[in-house]
Amino acid sequence: MAGRVGFTILLLTTSGEGWPQVAMLSVGEVLAVDQCRVRLALWPGSGSTANLSAGGQATLMLVVGSDSYYVRMRSRRLHDLALSGGPRACFEAEVEDVLLDVVDYATVTSGIGFALKEPDQVLPAWREAVAALKALP
């Protein structure tokens, strides 16, 4: 997990008023269970949590190397995860389709990235969240 610090996954949802909502997620909040299912551990009071609880549809956007992917999903809320850093709203999503976004005239050179200010505190919390997502039936 430490080797993937800075890798950012965008979560796109739509509010009840029809506005797009973008959340930046880390590898400590997303787990690909298999090719068809993704689990998310989100902050309970976030707009993304409210949007997913209400509508269930979302898109994950990620850049891997020079490839950009859009993963459309339908999610359902599971029970909240009781983590030491506070509860997380848990969702399991079924992948509807995946779009690889490439064009002949340009190459993606990077996605959004970040650096942790206190990795010794954050990485254990990420490991705990991902372990809780894996432990779900």
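Residues numbered from 1 in each chain as written. Predicted model: local features only at pLDDT ≥ 70, side-chain atom pairs only at ≥ 80, totals over all residues. Heavy atoms only, no water.

(A) The sheet that holds strand β4 (residues 37-42), seen in detail. Pairing within the open sheet is antiparallel, and its seven strands lie in the order β2-β1-β5-β6-β7-β4-β3. Every interior strand has two partners, whereas the edge strands, β2 (20-25) and β3 (30-32), have only one. Averaged over all pairs of adjacent strands, the angle between strand axes in this sheet comes to 30°, irrespective of strand direction. Where β4 lies against strand β7 (residues 89-101), six bridges are found, and the strand directions are antiparallel. Within β7, the position partnered with A41 by the bridge is C90. Contacting β1 (9-14), β2, β4, β5 (57-64), β6 (67-77) and β7, helix α1 (residues 47-54) runs over the sheet at an angle of about 55° to β1. (Pairing = 2+ DSSP bridges. Helix = DSSP H or I, 4+ residues; strand = E, 2+ residues; numbered from the N terminus. Axes fitted to C-alpha atoms, helices over the stretch in contact; angles between N-to-C directions. Contact = heavy atoms within 4.5 Å.)

(B) Highlighting the packing of aromatic side chains. Per the stated rule, a full pass over the model turns up one aromatic pair. Here F114 and W126 contribute two aromatic rings whose centre-to-centre distance is 6.3 Å and whose plane-to-plane angle is 80°, an arrangement assigned as edge-to-face. A residue pair is termed long-range when its members are at least 10 positions apart, and F114 in the loop between β7 and α2 (119-135) and W126 in helix α2 qualify at twelve residues. The ring of W43 carries R88 above its face, with NZ or CZ at 3.5 Å from the centroid. (Phe/Tyr/Trp six-rings, centres within 6.5 Å; stacked < 30°, edge-to-face > 60°. Lys NZ or Arg CZ within 6 Å of the ring centre and 35° of its normal.)

(C) Looking closely at the pairing of β6. Relative to β6, β5 is paired through eight bridges, and the arrangement is antiparallel. Looking at the pairing, L60 lines up with V71 of β6. Between the end of β5 and the start of β6, which pair antiparallel, lie two residues, with G65 showing a positive phi angle near 65°. By the bridge criterion, ten bridges tie β6 to β7 in an arrangement that is antiparallel. Across the sheet, V71 pairs through a bridge with V98, a residue of β7.

(D) Examining the state of the cysteines more closely. Inspection of the entire model under this criterion finds zero disulfides. C90 supplies the cysteine sulfur nearest to C36, a cysteine that is in no disulfide, at a spacing of 18 Å. C36 gets classed as partly exposed once you look at its relative accessible area, which sits at 46%. Look at C90 and you get buried, because its relative accessible area is 0%. (Disulfide = S-S within 2.5 Å. Buried < 20%, exposed > 50% of the residue type's maximum accessible area, 1.4 Å probe, protein only.)

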